[in-house]
Amino acid sequence: VECNGIVFDITARGKIKYGRNDILTGDFVEVENGAITRIYPRFSRFTRPNIANVECLVIVICDKPAPDFLILDKLLLSANYADIEYAVVVNKSDISNECYNYIEKEYPFLRNLFSVSAENGSGVKKLKDFLAGKSVAFAGQSAVGKTSLINRLTGSSFLTGKLSDKSGRGRHTTTYSKILRTELFSIFDTPGFSEIYADVTPFDAPSNFQPYEEYADYCRFGDCTHIDEPDCAVKAAVESGILSADRYARYRTIYNEVLNEYKNRYGK
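Heads up: these notes are all about the structure in this document. Numbering of residues starts from 1 in each chain and follows the order in which that chain's sequence is written. The predicted nature of this model means local features are confined to residues of pLDDT at least 70 and side-chain atom pairs, given and counted, to a pLDDT of 80 or more, with totals for whole chains, interfaces and linings taken over all residues. The basis for every side-chain value is the complete set of non-hydrogen atoms in the structure, without hydrogens or water.

**Brief notes about the sheet that holds strand 4 (residues 29-32)**
- Read across the open sheet, the three strands follow the order 3-5-4; overall the sheet is mixed. Each edge of the open sheet is held by one strand with a lone partner, namely strand 3 (11-12) and strand 4.
- Sheet analysis places strand 4 next to strand 5 (residues 35-39), joined by four bridges and oriented antiparallel. Bridging across to strand 5, Val31 finds its partner in Ile36. Any two strands with at least two DSSP bridges between them are considered paired. Numbering of helices and strands runs from the N terminus, with a helix taken as a DSSP run of H or I at least four residues long and a strand as a DSSP run of E at least two residues long.

Written as structure tokens, this is what we have:
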């Protein structure tokens, strides 16, 4: 627990320690006699990674390792469902702009899209100005440069990893969630993932996958999932080329994942 700039290693009491309401990185808590006695209500929460009170999700992606746009769509969906601000940061602009150009074309609804290089600092000032005053979480594939970007933004020095010579996939270097406080913003540095799950229910996925909510009113059914229903405006827009067919295929994958997880958990 951090208090007045000092970090204390303490325990929790009774129901908090053994209850279902786990204490998360980012929680605001009350401490009495060396123990956590209360967890204040959260304004946002992610379960994968398990962090709380994030104001802005920064999704980092790049050309190498090969960009996983399924992960990008899962994170965008999760941020939209959590009703928090988000930004997509394409790192390693000193190597290639192919990924940035693809995202600019396929995700025209993105308001906060940045092209940066943690290596030479290009574009970092613009991103830094955007993050000022926010509580920020970085997410994305391993080895896209999240930790290197944090180093560049803050002037700190965390361990960074290199690509695996055999697979080209990233090795995880961040092993636990932590908060780095700077004069301008607070940063959650979270472990890298080879798989990232959409933090949303199957009932909320259709209305939070942008820009599908704009088409929902034109579907025949008010609760259209945009999967198998007839007269679906989203499917019609995909077939006519208005909406990306690649993103729709990823949406179907995500929807089926969250639906199967819901059925496994609740037996429905």
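Don't stop here, the text continues.
**Quick word on a nonpolar patch on the surface**
- Each patch is built from residues that are more than 30% exposed by relative accessible area and take part in no salt bridge. Like charges join if they lie within 9 Å; nonpolar side chains (Val, Leu, Ile, Met, Phe, Trp, Tyr) join within 5 Å. Each accessible area is a Shrake-Rupley result for a 1.4 Å probe, and residues are judged covered by the shown protein chains and nothing else. A carboxyl oxygen of Asp or Glu within 4 Å of a side-chain nitrogen of Lys or Arg is what we treat as a salt bridge. Residues Val1, Ile6, Phe8 and Val31 make up a contiguous nonpolar surface patch of about 320 Å² in total accessible area.
- Within the secondary structure, Phe8 sits in the loop between strand 2 (6-7) and strand 3.
- By relative accessible area, Phe8 is classed as partly exposed at 40%. For the exposure calls, accessible area comes from a 1.4 Å probe over protein chains only, and a residue counts as buried if that area is under 20% of its type's maximum, exposed if over 50%, partly exposed in between.

**As for unusual backbone geometry**
- A cis amide bond links Lys64 to the next residue, Pro65, at an omega of 10 degrees.
- Examined against the element boundaries, Pro65 turns out to sit in the loop between strand 8 (56-61) and helix 2 (69-82).
- With a phi close to 55 degrees, Asn33 is a non-glycine residue in the positive phi region.
- Within the fold, Asn33 resides in the loop between strand 4 and strand 5.
- Asn33 sits in the exposed class, given a relative accessible area of 69%.
- The backbone phi angle of Asp231 is positive, close to 55 degrees, even though this residue is not glycine.
- Along the polypeptide, Asp231 turns up in the loop between helix 6 (205-208) and helix 7 (233-239).

**Digging into helix 4 (residues 124-131)**
- What helix 4 keeps buried is the set Val124, Leu127, Phe130 and Leu131. Mapping the buried residues of helix 4 onto a view down its axis gives an arc of 120 degrees, with all of them on the same face. In helix 4, the exposed positions angled more than 90 degrees off the buried face are occupied by Lys125 and Lys126.
- Along its buried surface, helix 4 packs onto strand 8, strand 9 (85-90), strand 10 (113-115), strand 11 (135-140) and helix 5 (146-154). It is the directions from the helix axis to the C-beta atoms that the arc portrays. Here, residues are in contact when the closest pair of their heavy atoms is within 4.5 Å.

**Side note on the packing of helix 4 against helix 5**
- Working convention: axes come from line fits to C-alpha atoms, limited for helices to the stretch in contact. Angles between N-to-C directions cover 0 to 180 degrees. Running from amino to carboxyl end, helix 4 crosses helix 5 at an angle of 80 degrees, the nearest separation of the two axes being 10 Å. Between helix 4 and helix 5, the angle is such that the two are roughly perpendicular. Contacts between helix 4 and helix 5 pair Val124, Leu127, Lys128 and Leu131 from the former with Leu149, Arg152 and Leu153 from the latter.
- Amino acids outside the nonpolar list (Ala, Val, Leu, Ile, Met, Phe, Trp, Tyr, Cys, Pro) and the charged list (Asp, Glu, Lys, Arg) are all regarded as polar, and Gly is one of them. For the contact of helix 4 with helix 5, the class distribution of residues is five nonpolar, no polar and two charged. Orientation is classified from the angle alone, with under 35 degrees giving roughly parallel, over 145 giving roughly antiparallel, 65 to 115 giving roughly perpendicular, and any other angle giving oblique.

**Topic: the packing of aromatic side chains**
- The rule is short: rings of Phe, Tyr and Trp, with Trp giving its six-membered ring, pair when the centres are within 6.5 Å, and they are stacked under 30 degrees, edge-to-face over 60, tilted in between. One pass over the full model with this rule turns up 10 aromatic pairs.
- Between the aromatic rings of Phe209 and Tyr212, the centroid separation amounts to 4.9 Å while the plane-to-plane angle is 50 degrees, which identifies the pairing as tilted. Each member of the pair, Phe209 as well as Tyr212, is classed as buried.
- Ring geometry for Phe209 against Tyr251: centres 5.0 Å apart, planes inclined by 55 degrees, an arrangement best described as tilted. One end of the pair, Phe209, is in the loop between helix 6 and helix 7; the other, Tyr251, is in helix 8 (residues 245-266), with 42 residues separating them in the sequence. The same class applies to Phe209 as to Tyr251, namely buried.
- Sitting above the plane of the Phe130 ring, Lys134 keeps its charged end 4.5 Å from the centroid. Only when the NZ of Lys or the CZ of Arg is both within 6 Å of the ring centre and within 35 degrees of the ring normal is a charge said to sit over the ring.

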